[in-house]
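Architecture and fold: a report
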Number of protein chains: 2
Amino acid sequence: MFKINENYLKLPGSYLFSTIAKKVAAYKQANPDEAVISLGIGDVTRPLAPAIIKRLHDAVDEMADEAGFKGYAPDLGYSFLREAIAEHDYKARGVDISIDEIFISDGAKSDSGNIQEIFGQDNKIAVCDPVYPVYVDTNVMAGRTGTYDAGSERWSDVIYMPCTKETGFAPELPSETPDLIYLCFPNNPTGSTITKDQLQEWVDYANKSGACIIYDAAYEAYITEDNVAHSIYECEGAKTCAIEIRSFSKNAGFTGTRLGFTVVPKELKCGDVTLNSLWARRHGTKFNGVPYIIQQAGAAVYTPEGKAQLKEQVGYYQRNAKIIYDGLKEAGYSVSGGVNAPYIWLETPDNMTSWEFFDKLLNEAKVVGTPGSGFGPSGEGYFRLTAFGTYENTVEAVDRIKRM
Amino acid sequence: MFKINENYLKLPGSYLFSTIAKKVAAYKQANPDEAVISLGIGDVTRPLAPAIIKRLHDAVDEMADEAGFKGYAPDLGYSFLREAIAEHDYKARGVDISIDEIFISDGAKSDSGNIQEIFGQDNKIAVCDPVYPVYVDTNVMAGRTGTYDAGSERWSDVIYMPCTKETGFAPELPSETPDLIYLCFPNNPTGSTITKDQLQEWVDYANKSGACIIYDAAYEAYITEDNVAHSIYECEGAKTCAIEIRSFSKNAGFTGTRLGFTVVPKELKCGDVTLNSLWARRHGTKFNGVPYIIQQAGAAVYTPEGKAQLKEQVGYYQRNAKIIYDGLKEAGYSVSGGVNAPYIWLETPDNMTSWEFFDKLLNEAKVVGTPGSGFGPSGEGYFRLTAFGTYENTVEAVDRIKRM
């Protein structure tokens, strides 16, 4: 008789955003005339930039023609895209990454979920708390996290690094040494980040302790401050201790177009084995590439027109972030994030729990946000708003919150 | 210190198609004037059908417009596509599959590689031999296959079901009971298949023994005979024992466009737990959907125009299959497959090994095929040719083989 992966049964409750969707649906059904504004899930709203649209049309036309038609893509992705990434995301920042260290994928969620597979069962992971749920959940599925304590909402074999007001929303080096360290800067959900000097400390710590950093840089396009690194490889020694995961979702609006990549430097080794060779094997065995037309769309992101159009698009969301940040501050909230990230993080007022504030915001302001507790136990008492709505909705939502 | 997944190191040698690519590249470098024809890798050559191209352009235009723009897709895929699948792939064949049993994915390779994750470590797998390498390799990576014996080219904990001339290229029910049974019909690489009645025996066997069948139906569009099932759910009782994986690669030329789906019926359970709920959790946690424009392209496959155009496209490859089959038979080869599949399987002449015949074919006929031994130990002494080349190249390749 076949047996299931029992680790799946350990995962508590339903996924955060499903619960939110159900609550919102119930509210809308009870209040059909109310216009609810969502600043909840981190999904973008701007259409794809003209340079990307043009490239998509051109690539579709190629697929219509026997001479231009493309079948299976190269295992790591088309070199025209990997070369553009190496040039613009790395070389332009003084970082030398070769194109066979870049693996094109269907997005940062897949990669950040799948990357743990190339590591053994007996690795201890450390995560920021609160954090994007995928890091922990995929390690639960792999059986790496021990038992779940519903009271503390913590897994016995996970090292939690609280990122709260008390720590300046940055993790501190853990007292127990982890094997794998998930870092996401600028951070989802807190919208905070750390300086390049602080990141260098993590790189030094990882190299010294033999840990591997899984660095999720999905929000790097939102960095506005000079002393913040866009890539972990801007830090010295990062190539021997870090994997970097990148996304096209937030810098180019690809949430529904699906494109990302992961960098695994060849210097990153366990004994004689390069992690690059392991990820290449996984990539070649369990994945069959990103559509040609989507890879072409990705390459358009790096053209002069694409860059100019996307600078404007990111600027649109950055303006929203400022509107939310300033508006809430004015209304007396304690807020952080928003400066180098599209997320604004606020303390719930009057000692409300995250979910209590969620209900209040939905019922009184008709605004949907995300309860901080959904991202980890230290997120309790906090709340996330995203800058990815339209400008008009963002202004209106902030007005409503102010009037609440 | 972080530890790697040691199971990866057990995987022998490099991937079959990489080895072929290297040999071909070396030959071309030494013989730059020779026109080599590849009937090797199962990649298609016809451009996308006009109905699909039109739908892609329309969907791209939607993404250019604020009102039409699509962000994150629904977890299981857009309902317009899942409804079309339920209607045309299942209801039209008398099978009732609900749309929440259908999971849209980026292709059958990903799904057939990832599906083993929802099963426990202590499941014993059975595979046809020879077979698509992904089934075994992904179970090796998960640590489910025991040790590899280089002499016999077999894993200690895998049940091999030989499909050779002696068994009529069909697997026999194994004497040792497996937990997971991978079946691919029409088969890659042999191009043979089994009748619906024979498939019913497998379903009955699985239900009786408590095994789960992972049914890869990627080549169903090539079935020409009436007594062959297009879906395993045409067999009675299959919903309580089988997962079905489907692809758009071979029926619609999506090898470079990436789309597939997996059906996990809700009746399929281990105790009280439905495999549907486990796969939904995996899908929602480690994957973020297929591009909207690609899902639209998939829906165009089911329109009257799409169907007519793809019938012609599949017919083009079926004609190639017949040319290869008839030509090789005429030349004295012992051939099988090709009738319900785009693959022709031949016995190597004069007791040559698969790789010896590969070299002979490349050097003397300038034709590239795939050595049967690359698909499993029982593939030794056989050779695969595919019908996915152009008509002109196929005719020329067969002529060259005849003259060899």
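Residues numbered from 1 in each chain as written. Chains lettered and ligands numbered in written order. Predicted model: local features only at pLDDT ≥ 70, side-chain atom pairs only at ≥ 80, totals over all residues.

Scanning chain A for helices and strands turns up 13 helices and 17 strands. C-alpha extents for chain A along the principal axes are approximately 60 × 55 × 50 Å. Buried residues in chain A amount to 56% of all 404 residues. For chain A, restricting intrachain contacts to residue pairs at least 6 apart in sequence, the fraction spanning at least 24 positions comes to 72%. (Helix = DSSP H or I, 4+ residues; strand = E, 2+ residues; numbered from the N terminus. Buried ≥ 20, exposed ≤ 12 C-beta atoms within 10 Å, placed from the backbone. Contact = placed C-beta atoms within 7 Å.)

What follows is about the relation of the copies chain A and chain B. Its rotation angle being 180 degrees, the transformation that places chain A on chain B also includes 0.0 Å of axial translation and leaves an RMSD of 0.0 Å. Both copies are brought into coincidence by an operation consistent with a two-fold rotation axis. By C-alpha distance to the rotation axis, the residue of chain A lying nearest is His57(A), at 3.1 Å. Comparing contact sets, 100% of the residues at the interface of chain A also lie at the interface in chain B, consistent with an isologous, same-surface contact. (Least-squares fit on C-alpha atoms with pLDDT ≥ 70 in both.)

This next bit is on the pairing of strand S14 (residues 343-347) of chain B. Residues and elements named next belong to chain B. For S14, the buried fraction is high: 4 of the 5 residues fall into the buried class. Sheet analysis places strand S13 (residues 335-337) next to S14, joined by 3 bridges and oriented antiparallel. Bridge pairing links valine 335 to leucine 346 in S14. Hairpin connection from S13 to S14: 5 residues lie between these consecutive antiparallel strands, with glycine 338 at a positive phi of about 80 degrees. In the sheet, S14 pairs with strand S17 (residues 382-386) via 5 bridges, with the strands oriented antiparallel. Following the sheet pairing, glutamate 347 is matched in S17 by tyrosine 382. (Pairing = 2+ DSSP bridges.)

Looking now at the interface of chain A and chain B. Taken together, the contacts link 65 residues of chain A with 65 residues of chain B. Among the elements of the structure, helix H1 (7-10), helix H3 (50-63), helix H5 (108-114), helix H6 (134-141), helix H9 (275-286) and helix H10 (292-300) of chain A are those that each provide at least two residues to the side of chain A that touches chain B. Each residue belonging to the side of chain A that touches chain B can be placed in one class, and the counts come to 32 nonpolar, 18 polar and 15 charged. (Nonpolar A, V, L, I, M, F, W, Y, C, P; charged D, E, K, R; others polar.)

Residue and element names in this part refer to chain B. On the basis of which strands lie adjacent, the open sheet formed by 4 strands has the order S13-S14-S17-S16 and antiparallel pairing. Bordering the open sheet on either side are S13 and strand S16 (370-371), each of which pairs with just one other strand. In terms of strand pairing, S16 meets S17 through 2 bridges, oriented antiparallel. If you follow proline 371 over to S17, its bridge partner there is phenylalanine 383.

This paragraph deals with the environment of Glu364(A). Within the element layout of this structure, Glu364(A) appears in helix H12 (residues 354-365). By C-beta crowding, Glu364(A) is classed as exposed, having 12 other C-beta atoms within 10 Å.

Looking now at the sheet that holds strand S2 (residues 102-105) of chain B. Residue and element names in this part refer to chain B. Spatial strand order, S2-S10-S9-S8-S7-S3-S6: 7 strands in an open sheet with mixed pairing. Both edges of this open sheet fall to S2 and strand S6 (158-162), since each of them pairs with a single strand only. Pairs of neighbouring strands in the sheet enclose a mean axial angle of 20 degrees, with direction left out of account. (Axes fitted to C-alpha atoms, helices over the stretch in contact; angles between N-to-C directions.)

Residue and element names in this part refer to chain A. By the assigned domains, chain A splits into domain 1 (7-47 + 305-403) and domain 2 (53-303). Between the C-alpha centres of domain 1 and domain 2 the distance comes to 24 Å. With 35 residues of domain 1 at the interface, the matching set in domain 2 holds 42 residues. Only H1, helix H11 (304-330), strand S13 (335-337) and strand S14 (343-347) provide two or more residues apiece to the side of domain 1 that touches domain 2. Top contributing element to the side of domain 1 that touches domain 2 by residue count: H11, with 7 residues. Here the residues of the side of domain 1 that touches domain 2 are counted per class, giving 15 nonpolar, 14 polar and 6 charged. (Domains from an automatic or database assignment.)

What follows is about the packing of H3(A) against helix H3 (residues 50-63) of chain B. Interhelical geometry of H3(A) versus H3(B) gives an angle of 175 degrees and a closest axis separation of 10 Å. By the criterion of interaxial angle, the relationship of H3(A) to H3(B) is roughly antiparallel. Here Ile53(A), Leu56(A), His57(A), Val60(A) and Met63(A) of H3(A) come into contact with H3(B), specifically with Ile53(B), Leu56(B), His57(B), Val60(B) and Met63(B). Its residues placed into classes, the contact of H3(A) with H3(B) shows 8 nonpolar, 2 polar and no charged. (Parallel < 35°, antiparallel > 145°, perpendicular 65-115°, else oblique.)

Quick look at the confidence of the model for chain A now. On average, chain A scores 96 in pLDDT, and the residues at 70 or more come to 100%. Across the interfaces of the predicted complex, the ipTM metric reaches 0.97, alongside a pTM of 0.97. (pLDDT = per-residue confidence, 0-100.)

It is worth spelling out the nonpolar core at this point. Here is a general trend for soluble globular proteins: nonpolar side chains tend to be buried in one another's company. Of all hydrophobic cores here, the largest spans 254 residues; its most connected members are Val127(A), Ile213(A), Ile243(A), Val127(B), Tyr182(B), Ile213(B) and Ile243(B). Ignoring anything within four residues of it in the chain, the contact list for Val127(A) reads Tyr135(A), Val136(A), Val158(A), Tyr160(A), Met161(A) and Tyr182(A). (Core = buried A, V, L, I, M, F, W, Y, C linked by C-beta atoms within 7 Å.)

In an α-helix, one full turn covers 3.6 residues, which means residues spaced three or four apart are oriented alike. All names here are of chain B. Between its first and last C-alpha atoms helix H13 (residues 391-403) spans 19 Å; for 13 residues at 1.5 Å apiece the expected length is 18 Å, and the two agree. Along H13, the residues classified as buried are Thr394, Ala397, Val398 and Ile401. Seen end-on, H13 carries its buried residues on one side only, within an arc spanning 95 degrees. Exposed and oriented more than 90 degrees from the buried face of H13 are Glu392 and Arg403. (Expected span 1.5 Å × (residues − 1). Arc of directions from axis to C-beta.)

So, about the packing of helix H4 (residues 79-90) of chain A against H10(A). Two numbers describe a pair of packed helices, the interaxial angle and the distance between the axes. Residue and element names in this part refer to chain A. Taken N-terminus to C-terminus, the directions of H4 and H10 make an angle of 25 degrees; their axes are 9 Å apart at the nearest point. Taken together, the axis directions place H4 and H10 in an arrangement best described as roughly parallel. Crossing handedness for the pair H4 and H10: left-handed. Taking contact as the criterion, the partners of Phe80, Leu81 and Ala84 in H4 are, on H10, Gln295, Gly298 and Ala299. Tallied by class, residues from the contact of H4 with H10 come to 4 nonpolar, 2 polar and no charged. (Left-handed = near helix turned anticlockwise from the far one by under 90°.)

What follows is about the pairing of strand S3 (residues 125-129) of chain A. All names here are of chain A. For S3, the tally of buried residues reaches 5 of 5 residues, placing the bulk of the element in the interior. The two faces of S3 match: Ile125, Val127 and Asp129 on one face and Ala126 and Cys128 on the other face are all buried. Of the pairings in the sheet, the one linking S3 to strand S6 (residues 158-162) comprises 5 bridges and is parallel in character. The residue bridging alanine 126 from the neighbouring strand is isoleucine 159, located in S6. In this structure, S3 lies alongside strand S7 (residues 180-184), joined through 3 bridges in parallel fashion. Bridge assignment links isoleucine 125 to a residue of S7, and that residue is leucine 180.

The subject of this paragraph is unusual backbone geometry. Of note, the bond from Phe185(A) into Pro186(A) is cis; its omega dihedral lies within 30 degrees of zero at -15 degrees. Its location among the elements puts Pro186(A) in the loop between S7 and helix H7 (196-209). The step from Asp129(B) to Pro130(B) runs through a cis peptide bond, and the omega angle for that step is 10 degrees. Relative to the elements of secondary structure, Pro130(B) occurs in the loop between strand S3 (125-129) and helix H6 (134-141). Positive phi, close to 60 degrees, is recorded for Phe169(A), a residue that is not glycine. For Phe169(A), the location among the structural elements is in the loop between S6 and S7. You will see that Asp350(B), though not glycine, has its phi angle at about 55 degrees, which is positive. Examined against the element boundaries, Asp350(B) turns out to sit in the loop between S14 and helix H12 (354-365).

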